[in-house]
Amino acid sequence: MKFNDGYWLLRQGVTAAYAKQAFAAETSESTISIAALTRPVEHRGSHLNTPTITVDLASPAADVVSVRTSRRARTVQPAPAFELHPTPSPVTVESEGGHVSLRAGGLTAEATVSGPWGLVFRSGDRELASAGANGLGSMQVVDDPNTPGTSHMMQRLTLPVGTNVYGLGERFGAFVKNGQSVDTWNQDGGTASEQAYKTVPFFVTDAGFGIFVNSPGRVSFEVCSEVVSAIQFSVPGDELEYLVVYGPTPREIVEKYAALTGRPALPPRWSFGLWLSTSFLTDYDEETVTHFVDGMQEREIPLSVVHFDCYWMKPLQWCDFEWDRDAFPDPEGMLQRLGEKGLRRSVWINPYLGQRSPLFLEAAEAGYLLRRPDGSVWQTDLWVAGMAMVDFTNPAAREWFAGKVRTLLDSGVDAIKTDFGERVPIDVVWHDGSDPVLMHNYYTFLYNKTVFDEVVRARGEGEAVLFARSATVGGQQFPVHWGGDCESSYQSMAESLRGGLSLGLAGFGFWSHDIGGFEGTPSAALFKRWTAFGLLSSHSRLHGSESYRVPWAFDEEAVDVTREFAELKNRLMPYLWGCAVEAHRSGIPVMRAMLLEFPDDRTCRQLERQYMLGPNLLVAPVFDNEGDVEFYVPAGRWVGLLDGQVVDGPGWVRQRHDFHSLPLLVRPGSVIAVGSRADRPDYDDAVAPTFEVFDLADGGSTVTHLYDELGRERVSLRVARDGSRVVAEVVAGVEQLTQGWRLTWAIGPFGGRTGPTAEAESGQATLVLDLGR
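Residues numbered from 1 in each chain as written. Predicted model: local features only at pLDDT ≥ 70, side-chain atom pairs only at ≥ 80, totals over all residues. Heavy atoms only, no water.

A tally of regular secondary structure across the protein gives eleven helices and 45 strands. In summary, the protein has a C-alpha radius of gyration of 27 Å against a globular reference of 28 Å for 773 residues, a match within 12%. With the principal axes as the frame, the protein shows a C-alpha extent of 85 × 70 × 50 Å. Counting all 773 residues of the protein, 60% fall into the buried class. Within the protein, contacts between residues separated by at least 24 positions form 67% of all contacts whose residues are at least 6 apart in sequence. Carbon and sulfur atoms make up 47% of the accessible area of the protein, which totals about 28,100 Å². Placing the 67 positive and 98 negative side-chain charges of the protein at their respective mean positions leaves the two points 3 Å apart. (Helix = DSSP H or I, 4+ residues; strand = E, 2+ residues; numbered from the N terminus. Rg over C-alpha atoms; globule rule 2.2 N^0.38 Å. Buried < 20%, exposed > 50% of the residue type's maximum accessible area, 1.4 Å probe, protein only. Contact = heavy atoms within 4.5 Å. Areas by Shrake-Rupley, 256 points an atom, 1.4 Å probe, with all protein chains shown as cover. Lys, Arg positive; Asp, Glu negative; His and termini not counted. Charge placed at Lys NZ, Arg CZ, Asp CG, Glu CD.)

Structure (structure tokens):
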């Protein structure tokens, strides 16, 4: 939200009360409270007839400072509020020379209490961001002179020269947010607009810090777009709370934010395999699904999950949680038969009840539906005719809805696609009295938490997975999330990637997208390019709107491409599972922006068409039919995982790839654990694994781990190089390697390495490679 008309003037209808000078400051051992007048202190009575802004400083965790600015005293606790997980740590409060400061770990907030108002955030002697004149204000906006207008609290922080800003949720525009105006207001707007399904009021910078605005409501960010040297954020009302998170690296900023707001659960291993959907508007029944499953098996394409989209239920009755028995006469038997083929089963739901749903009157009479101020049930015709929304602020409604989910799980369903949750009205009354504006974004948290918790109760820890579209702060705890409705075009493929990389900076560890695009039918070329990208994502789903996404619907080469990349992903599961465990433990996403791994490489700070898959694999999707791709390689001697070709960095590289390939490079000095199976993702990594060593430097060493299905370390392998001698030692868990293991110096193509290789028998802890032979 912009308040200025240029630099000097305010927009018509806007008046500002800026913090001008501190009048009083109180300190404790761990907090600071400052009363800042909105005019200079000229005499003893300057505080009279003067709006005053209170600034409270505290720390919920090391390297984090919270700032709460308010024009009015809080008399009612706002609801809902994000669930935070503070970890109190030592805080130092000092008062000296006209300044008061609060230091938490490596971050210090210093306020001026003598002279003009100022607030500076520092790490040591380095200034990270600052607010001076006109930096903090209570803004009054009057659009209609016949109305009282609205209040907004605004903070404007000057950034160091050259600072880039990232994040703010799943944003499909430019990855670097400088110059953009962004509101956190969840909307169902597809991937081709400025709207977003998953808005998060948290941004990361490459200047050593990030900021989380602690409000579920509409937060308006002006990212170097009103005052071009500053980032500005504002909220309606008289109070604004934000938390400054010090890194100093982007990776550390994300880790500390995730610790505060919740880390992702660890999805089950089977969910990392290929998902095949019925698609949305296509005509499907049990015969169709069986034909598709059999077709995948006949073509030897590994498949892990079958997904039933909306029309597993009868039209106009979504959601009634009842199978359409005209199309699926024996759903329980069908689910069992799919399970006997080794497949998991997923179904679609949303948090709405169409008025023809048998559950509508039941829920309305029980008080489980969202209501208007006059007490009537809120209804709309947008989506399903006459639909209402489940009121998840009502504990009884949550239990009722969870019970419907449990019925699905008991029938043989394994995963739930929790669609929608963005179109939440504000002209309503919630069961618990929550503020309707704050509930707009927060609704998705309650919706997905209700479903996820029920899957955990039914299946146990480590076996719960959703396919969720909407999210807000904390939603990362309920994976997986997908990018929403994208078009079948290379442009949409690229914007989907931008959205996923942005979302990952908010601790969302697991993300997916509709392979081939959702709207429209992709060309065979686009389908094959998107398939390679999709199967090098954390989660991989074939899904469309009006057309099927079985590979043979495009051409025979699409069948081969799908098989090859599905098998590749399954073979890489020991490595990818390690990435998943890292995401679960730290909040660092499996698919991660280049800047998370290479914060000191200035080129990596701008990249949005390539990414790191875990810490050691660089992926550059191909965005055209011909296969021309330009990508950037950081410093070092990188090796192509698929072809074994060497690429030296740093620098830009141009390549041409056929449909069976794409740039997939291994970071210098990496050891990639490769599994023994290509037909499924959920196998025992300790059964005959191969550890591929990529250009480990002389004198270098690295440690690689294998994990069990709950993310516990089973095997630890240390690899070190001394001249031409490479020694690998199992330092923990050798008893787990009951069928031995292999060590390979990676030269040549994947599946046909020609470098030195050694094999260990069961119980053997050490292997040696001689590179001089």
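Moving on, we get to the packing of helix α7 (residues 490-504) against helix α8 (residues 524-534). Working note: a packed helix pair is described by the angle between its axes plus the distance between those axes. For the pair α7 and α8, the least separation of the axes is 11 Å and the interaxial angle reads 15°. Viewed along their axes, α7 and α8 adopt a mutual orientation that is roughly parallel. Where α7 crosses over α8, the two elements pack in a sense that is right-handed. For the pair α7 and α8, the contacting residues are Y490, S492, M493, S496 and L497 in the first and A525, L526, R529, W530 and F533 in the second. Tallied by class, the residues present in the contact of α7 with α8 amount to seven nonpolar, two polar and one charged. (Axes fitted to C-alpha atoms, helices over the stretch in contact; angles between N-to-C directions. Parallel < 35°, antiparallel > 145°, perpendicular 65-115°, else oblique. Left-handed = near helix turned anticlockwise from the far one by under 90°. Nonpolar A, V, L, I, M, F, W, Y, C, P; charged D, E, K, R; others polar.)

Taking burial as the measure, the five residues of strand β39 (residues 690-694) include five buried ones, the bulk of the element. In β39, alternate side chains face the same way, and those of T690, E692 and F694 on one face and F691 and V693 on the other are all buried. Note: strand β38 (residues 670-674) against β39, five bridges, orientation antiparallel. If you follow I672 over to β39, its bridge partner there is E692. Bridge count between β39 and strand β43 (residues 741-745): four bridges; the pairing is parallel. Of the residues in β43, the one forming a bridge with V693 is W745. (Pairing = 2+ DSSP bridges.)

What links the strands of a sheet is backbone hydrogen bonding, and the strands pair in either a parallel or an antiparallel sense. Within the open sheet, the six strands sit side by side as β32-β33-β34-β37-β35-β36. Their pairing is antiparallel. Across the chains shown, the open sheet's two edge strands, defined by having one partner strand only, are β32 (591-592) and β36 (646-656).

Okay, the side chain of T288 next. By the element assignment, T288 lies in helix α2 (residues 286-298). Excluding residues that lie within four positions of it along the chain, T288 makes contacts with D283 and Y548.

What follows covers the pattern of salt bridges. Oppositely charged side chains can form a pair if their charged atoms are brought close together. Summed over all chains, the structure comprises 51 salt bridges. Among the salt bridges present, the one from K341 reaches D294, with a minimum N-O distance of 2.8 Å. Here D294 lies in helix α2 and K341 lies in the loop between α3 (331-340) and β24 (344-349), a separation of 47 residues in the sequence. Since its relative accessible area comes to 36%, K341 is described here as partly exposed. Salt-bridge contacts for D684 lead to R714; the nearest nitrogen and oxygen are separated by 2.5 Å. Taken together, the residues D684 in the loop between β38 and β39 and R714 in strand β41 (residues 713-722) connect sequence positions 30 residues apart. Because the salt bridges share partners, they merge into one network encompassing D188, D419, E422, R423, R469 and D485. (Salt bridge = Lys/Arg side-chain N within 4 Å of Asp/Glu carboxyl O.)

We now examine the packing of aromatic side chains. Note on aromatic pairs: each is described by the distance of the centres and the angle between the planes. Under the definition given, this model contains 46 aromatic pairs. Ring geometry for Y368 versus W400: centroids 5.4 Å apart, planes at 40°, classification tilted. Of the two residues, Y368 sits in the loop between α4 (358-366) and β26 (388-389) while W400 sits in helix α5 (residues 395-411), which places them 32 residues apart along the sequence. With 6.5 Å between their ring centres and 35° between their planes, Y443 and Y447 make a pair best called tilted. Of the two residues, Y443 and Y447 are both situated in helix α6 (residues 436-459); the distance of four residues between them amounts to about one turn of the helix. On the basis of relative accessible area, Y443 is assigned to the buried category, the value being 0%. An aromatic cluster is built from F82, F202, F212, Y257, Y442, F445, F452 and F478, whose rings are joined through pairwise contacts. The ring of W552 has R299 lying over it, and the distance from NZ or CZ to the ring centre is 3.9 Å. (Phe/Tyr/Trp six-rings, centres within 6.5 Å; stacked < 30°, edge-to-face > 60°. Lys NZ or Arg CZ within 6 Å of the ring centre and 35° of its normal.)

This paragraph deals with α5. A rise of 1.5 Å per residue sets the reference length of α5, with its 17 residues, at 24 Å; its end C-alpha atoms lie 25 Å apart and thus fit the reference within 8%. Looking at the buried positions of α5, the neighbouring elements they touch are β24, β25 (352-353), α4, β27 (415-418) and α6. The opening residue of α5 is N394, an N-cap whose side-chain oxygen sits 2.9 Å from the backbone nitrogen of A396. One or two steps after α5, the chain reaches G412, where phi turns positive at roughly 120°. (Expected span 1.5 Å × (residues − 1). Polar contact = N/O pair within 3.5 Å; in protein donor to acceptor, adjacent residues only side chain to side chain.)

The strand order across the open sheet formed by four strands is β38-β39-β43-β44, and the pairing between neighbours is mixed. Lying at the two open borders of the sheet, with one neighbouring strand each, are β38 and β44 (757-760). With strand direction ignored, the average angle separating the axes of adjacent strands in the sheet is 20°. Sheet topology note: the β43/β44 ladder contains four bridges and is antiparallel. In the strand pairing of β44, T744 is matched with T757.

Residue C319 is bonded to the preceding W318 through a cis peptide linkage, with omega at -5°. Examined against the element boundaries, C319 turns out to sit in the loop between β23 (305-308) and α3. Backbone torsion omega between G649 and P650 reads 10°, so that peptide bond is classified as cis. Note on placement: P650 falls in strand β36. A positive phi angle, near 50°, is found at A688, a position not held by glycine.

Turning our eyes to something else, we now look at a nonpolar patch on the surface. Where nonpolar side chains cluster on the molecular surface, the patch consists of Y7, W8 and L9 and spans about 490 Å² of accessible area. Within the secondary structure, L9 is located in strand β2 (residues 9-10). (Patch = residues over 30% accessible without salt bridge, like charges linked within 9 Å, V, L, I, M, F, W, Y side chains within 5 Å.)

Its location among the elements puts I416 in strand β27. Taking the relative accessible area as the measure of exposure, I416 reaches 0% and is therefore buried. Placed 336 residues apart in sequence, I416 and G752 show a C-alpha to C-alpha distance of 39 Å. Apart from residues lying up to four places away in sequence, I416 is in contact with V347, I349, V405, L408, L409, V451, V455, V465, L466 and F467.

With 180 residues, the main nonpolar core has F308, W312, I349, F401 and I416 as its most contacted residues. Ranked by residues supplied to this core, first place goes to α6 with ten residues. Other than its neighbours up to four places away in sequence, W312 contacts Y284, F321, E322, W323, D324, F328, V347, W348, I349 and L408. Judged by nonpolar contacts, the second largest core, of 46 residues, contains V67, A111, C224 and V235. (Core = buried A, V, L, I, M, F, W, Y, C linked by side-chain atoms within 4.5 Å.)

With that out of the way, let us pick up the packing of α5 against α6. Remark: α5 packs on α6, axes separated minimally by 9 Å, with the N-to-C direction vectors making an angle of 45°. Between α5 and α6, the interaxial angle falls into the category oblique. Regarding α5 and α6, the two cross each other, and that crossing is right-handed. The residues of α6 that touch α5, namely those facing R398, F401, A402, V405, R406 and L409, are Y447, T450, V451, E454, V455, R457, A458 and R459. Considering only residue class, the contact of α5 with α6 consists of eight nonpolar, one polar and five charged.

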